[in-house]
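Okay, here's what each chain looks like letter by letter:
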Amino acid sequence: MKEILTRLDQGVLEVQFNRPEKQNAINEAMYSYLAEVLVDARTNPDVAVVLLSGKGASFTAGNDLADFMNNPPLDDDSAVFRFLQTMADFPKPVVAAVKGYAIGIGTTLLLHCDIVVCGESAQFQMPFVNLGLVPEFASSYLLPLRVGHTKAAEWLMTGKPFDANEALASGLINDVLGDEQYFSVARQKACTLAKLPRESIMITKRILKQPYMAKTLQTIEEEGDLFRKRLQSKECQQALAQFLANG
Amino acid sequence: MKEILTRLDQGVLEVQFNRPEKQNAINEAMYSYLAEVLVDARTNPDVAVVLLSGKGASFTAGNDLADFMNNPPLDDDSAVFRFLQTMADFPKPVVAAVKGYAIGIGTTLLLHCDIVVCGESAQFQMPFVNLGLVPEFASSYLLPLRVGHTKAAEWLMTGKPFDANEALASGLINDVLGDEQYFSVARQKACTLAKLPRESIMITKRILKQPYMAKTLQTIEEEGDLFRKRLQSKECQQALAQFLANG
Amino acid sequence: MKEILTRLDQGVLEVQFNRPEKQNAINEAMYSYLAEVLVDARTNPDVAVVLLSGKGASFTAGNDLADFMNNPPLDDDSAVFRFLQTMADFPKPVVAAVKGYAIGIGTTLLLHCDIVVCGESAQFQMPFVNLGLVPEFASSYLLPLRVGHTKAAEWLMTGKPFDANEALASGLINDVLGDEQYFSVARQKACTLAKLPRESIMITKRILKQPYMAKTLQTIEEEGDLFRKRLQSKECQQALAQFLANG
């Protein structure tokens, strides 16, 4: 698929958002393809590690809102929910390499990665409330666990943007590097993981995630119900229409 | 009430401790009034956000111990417990602006706020053990979640004071600013929240807190039982008498 | 016991690894003695606090792997499991003073201490996966709670070493000091704890740990089962043999 590039090399499956003219905004077709790629990678013995990144200036600006309003994810079978579920319980290590915009799901999907390496230009934001919406991808559950209630509350309630250094100090990501280096460092970490005993790594990931897994999957569903109800509210319709008119 | 000032302006309910000659120490009448204010604010459609602060040099030096020993909170209906319960499950955002002393409940109530902005003079301490008492306001449950076991254990077991920078690095608060700016920044954040879609904000606060709410309310009760038992111990009586004699 | 020194002074029980020629690597006899010391200290009214440290350049390099392969801990009654269980639910405060190597269990046992003071030379590592093994001592459960998933995942999946400053920023430890000062500061903190109201301190430790205790003990067992299975795998046997050949 043109908008999602994949390449498998020595156990590392590189998955790259490739829609740089739209800051890698994700549309329904891209969610659907990402879900397929992950379902295959789960069981493909040649894949030891997944490395996520974005082509061009940004990781991803999040949902493609124009596409999103034409194809609202109104049921649990939508492409976006298939992606959320597959990503949330993916059994192999996932490394993310992030620079530029990581907005909305561009931030929340990092909560489901195992190692996150950022370039200094990385900019995070979760503007769900600002659009009359509510948090998704289990961020209401996982973000306070990661960064504490006050950070999570400010980021999710006010949609305040934050940079790579704040993300690092809060424990959301592992490293901040120059924009010229971040990708090669992320790739190096993925290669290191690919060479280590696979069974030990998969057991380790499973037991690290196990205390949170059932509640994570349940929260994705509960947030989805709330999200869909909010989508139909006047507050949200107006906020989205205004965003698209301005954007 | 003279010791608690309130002012409602554009959706922001300012609540201010106003007993600066006692470093805003909280007595039974103040707890009772605070509980009333919060009960009204829960359902008052004109209140979008609560902004807590202290008049004068300090946020609050905590319980007024002289008043406390004259009116020990010996049952679950006491004013202090009505305040704890109302604050713990308050459904709208609460912003706290803190400088100077934030002692005892002055620190633990911050665990129930959503955004905490501090002046550089802020000084925190939870000297429950030092008085022969035990932690309260669900701090034994919420503090390790927020700052990790070792920080929580040192702060609660030794009563070690800590400053605004340590509080920030630990994830207890959101910002440290100059003492001249902290209040206007906190107020600005409250005003921002008041203008955002209210239903989205209240859902967001609810789902952020939901995984911890039942256990938080239960811990407030269990700690209360332990606290009342300790109050009657010789160790505690001696420590309190000595504190009052010195103070 | 020569390899474990103990000294009781004014309520502080000092327990010191004393095998500096092996970087204080812990063998079966040492685990067995440590478990005995802790079982006695639980109920000994003269012990208010335990202070753990290492003689010489390092805290401890972890399991003595040569001894470990000769005496693999193949059942729940092994010395190492008696130590893990006794340490995990030890009811009195434990202060650790750490410099130099804190490898494997040298890092994971810090998750069961209440205050951890480090010298600037402290070096941490949890190379379980690198040896074809899996995390132990409930680290798969307690480490993400303490430092967040991404830090925990990188440290446990890649076995990446980290220094005292990274440990401090992540919330794993309380303080970093010069190597000349760290021990006296740790001892001072232990002495402070020993002078505070003991009943208040023990209640505080109990209620801080209570939400995690059952799951911690269960995880120690579950990780133990996985650990023993991995020990018998070809991957692990080869990694251990190679380590010993190189070491």
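Residues numbered from 1 in each chain as written. Chains lettered and ligands numbered in written order. Predicted model: local features only at pLDDT ≥ 70, side-chain atom pairs only at ≥ 80, totals over all residues.

**Regarding the overall build of chain A**
Each helix and strand in chain A was counted, giving 10 helices and nine strands. A compact globule built from 247 residues would reach a C-alpha radius of gyration of about 18 Å, and chain A, at 17 Å, matches this within 12%. Seen through its C-alpha atoms, chain A measures out along the principal axes to roughly 55 × 40 × 35 Å. Taking all 247 residues of chain A together, 53% fall into the buried category. For chain A, restricting intrachain contacts to residue pairs at least 6 apart in sequence, the fraction spanning at least 24 positions comes to 77%. (Helix = DSSP H or I, 4+ residues; strand = E, 2+ residues; numbered from the N terminus. Rg over C-alpha atoms; globule rule 2.2 N^0.38 Å. Buried ≥ 20, exposed ≤ 12 C-beta atoms within 10 Å, placed from the backbone. Contact = placed C-beta atoms within 7 Å.)

**A word on the relation of the copies chain A and chain C**
Aligned on chain C, chain A shows an RMSD of 0.0 Å; the corresponding rotation is 120° and the shift along the axis is 0.0 Å. Here the two chains are linked by the operation of a three-fold rotation axis. (Least-squares fit on C-alpha atoms with pLDDT ≥ 70 in both.)

**Topic: the sheet that holds strand 8 (residues 162–163) of chain A**
Pairing between the strands of a sheet comes from backbone hydrogen bonds, and it takes one of two forms, parallel or antiparallel. Residues and elements named next belong to chain A. Taken together, the three strands give an open sheet; going across it, the order is 5-7-8, and neighbouring strands pair in mixed fashion. Of all the strands in the sheet, just strand 5 (101–103) and strand 8 have a single pairing partner and so form its edges. The pairing of strand 5 with strand 7 (residues 123–125) spans three bridges and is classified as parallel. Its bridge partner lying in strand 7, Ile103 is registered against Gln125. (Pairing = 2+ DSSP bridges.)

**Some thoughts on the sheet that holds strand 4 (residues 94–98) of chain B**
All names here are of chain B. Strand order in the open sheet made by the six strands is 1-2-3-4-6-9, with mixed pairing throughout. Among the strands making up the open sheet, the edge pair consists of strand 1 (4–9) and strand 9 (175–177). Averaged over all adjacent pairs, the angle separating strand axes in this sheet is 20°, with direction ignored. Where strand 6 (residues 115–119) meets strand 9, three bridges bridge the pair, whose relative direction is parallel. Counted as the bridge partner of Val117 is Asp175 from strand 9. Those strands touched by helix 1 (residues 28–43) are strand 1, strand 2 (12–17) and strand 3 (49–54), and its axis lies near 15° from that of strand 1. (Axes fitted to C-alpha atoms, helices over the stretch in contact; angles between N-to-C directions.)

**Here's the deal with the pairing of strand 2 (residues 12–17) of chain A**
All names here are of chain A. Two strands pair when backbone bridges link them, and strand 1 (residues 4–9) and strand 2 are joined in this way by six bridges, in the antiparallel orientation. Counted as the bridge partner of Leu8 is Leu13 from strand 2. Here strand 1 folds back onto strand 2 in antiparallel fashion, the turn holding two residues, of which Gln10 has a positive phi close to 50°. In this sheet, strand 3 (residues 49–54) lies alongside strand 2 in parallel orientation, the contact comprising six bridges. The residue of strand 3 that forms the bridge with Phe17 is Gly54. Between strand 2 and its parallel partner strand 3, the chain crosses via helix 1 (residues 28–43), and the hand of that crossover is right-handed. (Right-handed = clockwise from strand over helix to strand, strands pointing away.)

**A closer look at the interface of chain C and chain B**
With 22 residues of chain C in contact, the opposing surface of chain B contributes 27 residues. The set of elements that each furnish at least two residues to the side of chain C that touches chain B consists of strand 6 (115–119), helix 8 (182–195) and helix 9 (198–231) of chain C. Considering each element in turn, the side of chain C that touches chain B owes the most residues, nine residues, to helix 9 of chain C. Looking at side-chain class alone, the side of chain C that touches chain B contains 12 nonpolar, five polar and five charged residues. (Nonpolar A, V, L, I, M, F, W, Y, C, P; charged D, E, K, R; others polar.)

**Let's talk about helix 6 (residues 149–158) of chain A**
Residue and element names in this part refer to chain A. Most of helix 6 is tucked away: 10 of the 10 residues are buried. Listing the buried residues of helix 6 in full gives His149, Thr150, Lys151, Ala152, Ala153, Glu154, Trp155, Leu156, Met157 and Thr158. Positive backbone phi, approximately 65°, marks Gly159, located one or two places after helix 6.

**Re the interface of chain A and chain C**
Listed as interface residues are 22 residues of chain A and, on the opposing side, 27 residues of chain C. Elements represented by at least two residues in the side of chain A that touches chain C include exactly strand 6 (115–119), helix 8 (182–195) and helix 9 (198–231) of chain A. The greatest single-element share of the side of chain A that touches chain C, amounting to nine residues, is contributed by helix 9 of chain A.

**What about unusual backbone geometry?**
Phi angles above zero are rare outside glycine, and Gln23 of chain B is one such case at about 50°. Tracing the chain through its elements places Gln23 of chain B in the loop between strand 2 and helix 1. The phi angle at Ala138 of chain C is positive, at roughly 65°, despite the residue not being glycine. Among the structural elements, Ala138 of chain C can be located in the loop between strand 7 (123–125) and helix 5 (139–147). Using a count of 24 C-beta atoms within 10 Å as the deciding quantity, one classes Ala138 of chain C as buried.

**What about the confidence of the model for chain A?**
For chain A, mean pLDDT is 95; residues scoring 70 or higher make up 99% of the total. For this predicted complex, the interface confidence reaches an ipTM of 0.96, while the overall pTM sits at 0.97. (pLDDT = per-residue confidence, 0-100.)

**Some remarks on the environment of Asn130 of chain A**
For Asn130 of chain A, the position within the fold is in the loop between strand 7 and helix 5 (139–147). What makes Asn130 of chain A partly exposed here is the crowd of 17 C-beta atoms within 10 Å. When the C-alpha positions of Asn130 of chain A and Glu3 of chain A are compared, they lie 28 Å apart, and in sequence the two are 127 residues distant. Not counting residues up to four positions away in its chain, the partners in contact with Asn130 of chain A are Gly159 and Ala239 of chain A together with Leu196 of chain B.

**Some details on the packing of helix 5 of chain A against helix 9 of chain A**
Residue and element names in this part refer to chain A. Direction vectors running N to C along helix 5 and helix 9 enclose 130°, while the axes themselves pass 8 Å from each other. One element, helix 5, and the other, helix 9, form an angle in the oblique class. Together, Ser140, Tyr141 and Leu142 of helix 5 and Lys215, Thr216, Thr219 and Glu223 of helix 9 make up the contact between the two elements. Of the residues in the contact of helix 5 with helix 9, the class split is two nonpolar, three polar and two charged. (Parallel < 35°, antiparallel > 145°, perpendicular 65-115°, else oblique.)

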